[in-house]
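Read off the chains here:
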Amino acid sequence: MALDRLGDFADYTQTAYETYFLTLQVKEGEDAGAVQNLSGQRWGCITGGSTWGCARHLLFRDSREAFDLFRDSLYLGFRWMEKQRNSTRNGEYPGVGIFPPMKATDWPGVFQSWTFTDAINLMGYYWLAEAFEHFNDPAAAEVRAAYDDYMTCMRQVLEEQLPLSIGDEEELFITTKVGERPLDPPAGAERPEALAFAHVIDPKSDLVRRMENYRRNRGIMRNGLTDHMHDGLIFQGHNADPWAGHTWYTSMFDMYWFYIWMERGEKDKAWETLSAQFKWGMSKEYYLLERYADNDPYWTPWMPNASANGRLLMMMADYFEE
């Protein structure tokens, strides 16, 4: 998305989306429409995330030829996602009208992970509806109606999940596991801010203030970094972890909070998080990281984190309104 926004990089970006939808997408059988991971785990948000990116790619390019190339593959992916949502409407799972339990992250566990799987898929639906409407596609009304229904289902889950959440009038923590109560302090991958990024929660609502307070009051949001990691290598089977309690997951969820604060008009907080990407999330060679350990700046696993480059470019463009 970032390269399409900044200029004419279609030779690269179109090839990337051709890989997702013309090579990695299942075209026949039970999983027709699903976009497969090239080599990693099969997350429930891969098809939705690919749709989100490709739809914005098409809107930035504003090319009918490019839209026609991807249109049928995008619609096939949409139908696969609708099939997954429809599988939960009989009440078998606590979250109705969202995705069934699927792997959502590299962390252990398979459950209805609405703040990972569904928040990202919902963004895919939104931008697909925008693209289909822009190009006057006959299925535009169907996709928009599906987005509206998906949002309604997510807000129903929110209404049911809030009584199970941790908090009071000043703090709030919502778990990613539908139908469960969260641990306090959190453990594992928990990203409730995705709900505000995807507008399931109004970014300007008081719920967001309380969610932020929960993190700041526990020191798991500070210095512009928003995602202190709640587990460690020992949890994953290693015999030691000198970075436990010091590790921050950079970029992805920092971006969520950045856009939430921009919508709330809190540009000072957005600036602090944007600046943190340069201070803590970037090497001297301009490589972006996926982890930062505040006790060991030389611990830089999963570098370079190429997707973080795109997120940083998008944040810079939106902060400076370019």
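Residues numbered from 1 in each chain as written. Predicted model: local features only at pLDDT ≥ 70, side-chain atom pairs only at ≥ 80, totals over all residues. Heavy atoms only, no water.

**What about the overall build of the protein chain?**
We apply this condition: Secondary structure elements follow DSSP: runs of H or I of four or more residues count as helices, runs of E of two or more count as strands, with numbering from the N terminus. The atom set for the radius of gyration is the C-alpha atoms, and the globule formula is 2.2 Å times the number of residues raised to the power 0.38. Accessibility here uses a 1.4 Å probe with only protein chains present; expressed as a share of the type maximum, an area under 20% marks a residue as buried, one over 50% as exposed, and anything in between as partly exposed. Reported accessibility uses the Shrake-Rupley method at a 1.4 Å probe radius. Residues are deemed covered only where the shown protein chains occlude them. Only four residue types enter the charge count: Lys and Arg as positive, Asp and Glu as negative, with His and the chain ends excluded. By convention, the point assigned to a charge is CZ for Arg, NZ for Lys, CD for Glu and CG for Asp.
The secondary structure content of the protein chain amounts to eleven helices and four strands. A compact globule built from 322 residues should have a C-alpha radius of gyration of about 20 Å, and the protein chain, at 19 Å, falls within 12% of that. Overall, the protein chain is about 50 × 50 × 40 Å in size when its C-alpha atoms are taken along their principal axes. Burial status across the protein chain gives 54% buried among its 322 residues. Accessible area for the protein chain stands at about 15,000 Å²; split by element, carbon and sulfur atoms hold 52% of it. Averaging the positions of the 31 positive and the 49 negative side-chain charges in the protein chain gives two centres separated by 2 Å.

**Section: empty space enclosed by the protein**
To find leftover empty space, one rolls a probe the size of a water molecule over the atoms. Counted only if it meets this: The definitions used throughout rest on a 1 Å grid laid over the protein atoms alone, on which a cavity is an enclosed set of points accommodating a 1.4 Å probe that cannot get out and a pocket is an open set flanked by protein within 12 Å on both sides along at least five of seven lines; lining residues are those having an atom within 4 Å of a point. Grid points are joined across faces, edges and corners, and a volume is the space filled by probe spheres set on the points. Side-chain classes are defined by residue name, with Ala, Val, Leu, Ile, Met, Phe, Trp, Tyr, Cys and Pro counting as nonpolar, Asp, Glu, Lys and Arg as charged, and the others, Gly among them, as polar.
Counted under the stated rule, the structure contains one cavity of 30 Å³ or more. Reported here for the largest cavity is a volume of approximately 50 Å³. In terms of lining residues, the largest cavity is bounded by Thr250, Ser251, Gln277, Gly281, Leu288, Leu289, Ala308 and Leu312. Of the residues contributing to the lining of the largest cavity, the split by class is four nonpolar, four polar and no charged.

**A closer look at the environment of alanine 270**
In plain terms, the rule: Any two residues whose heavy atoms approach within 4.5 Å are treated as being in contact.
Secondary-structure assignment places alanine 270 in helix α10 (residues 267–279). In the structure, alanine 270 is positioned 46 residues away from glycine 224 in sequence and 8.1 Å away in space, judged by C-alpha atoms. The contact partners of alanine 270, leaving out residues within four places of it in the chain, are Phe258, Trp261 and Met262.

**What to know about unusual backbone geometry**
Between aspartate 184 and proline 185 the backbone carries a cis peptide bond, its omega angle lying at 5°. Along the chain, proline 185 falls in the loop between β2 (172–173) and α7 (193–197). With a phi close to 55°, asparagine 223 is a non-glycine residue in the positive phi region. By the secondary structure assignment, asparagine 223 is in the loop between α8 (206–217) and β3 (247–249).

**Here's the deal with the environment of serine 307**
This is how it is decided: Contacts described as polar in this section are N or O atom pairs within 3.5 Å, which, within protein, must combine one atom able to donate a hydrogen with one able to accept it, while residues neighboring in sequence count only if both atoms come from side chains.
Here serine 307 lies in helix α11 (residues 306–319). Under the relative-accessibility criterion, serine 307 is labelled partly exposed at 40%. Residues serine 307 and tyrosine 150, 157 residues apart in the sequence, show an inter-C-alpha distance of 27 Å. Within the structure, serine 307 has its side chain in polar contact with the side chain of arginine 311 (distance 3.1 Å).

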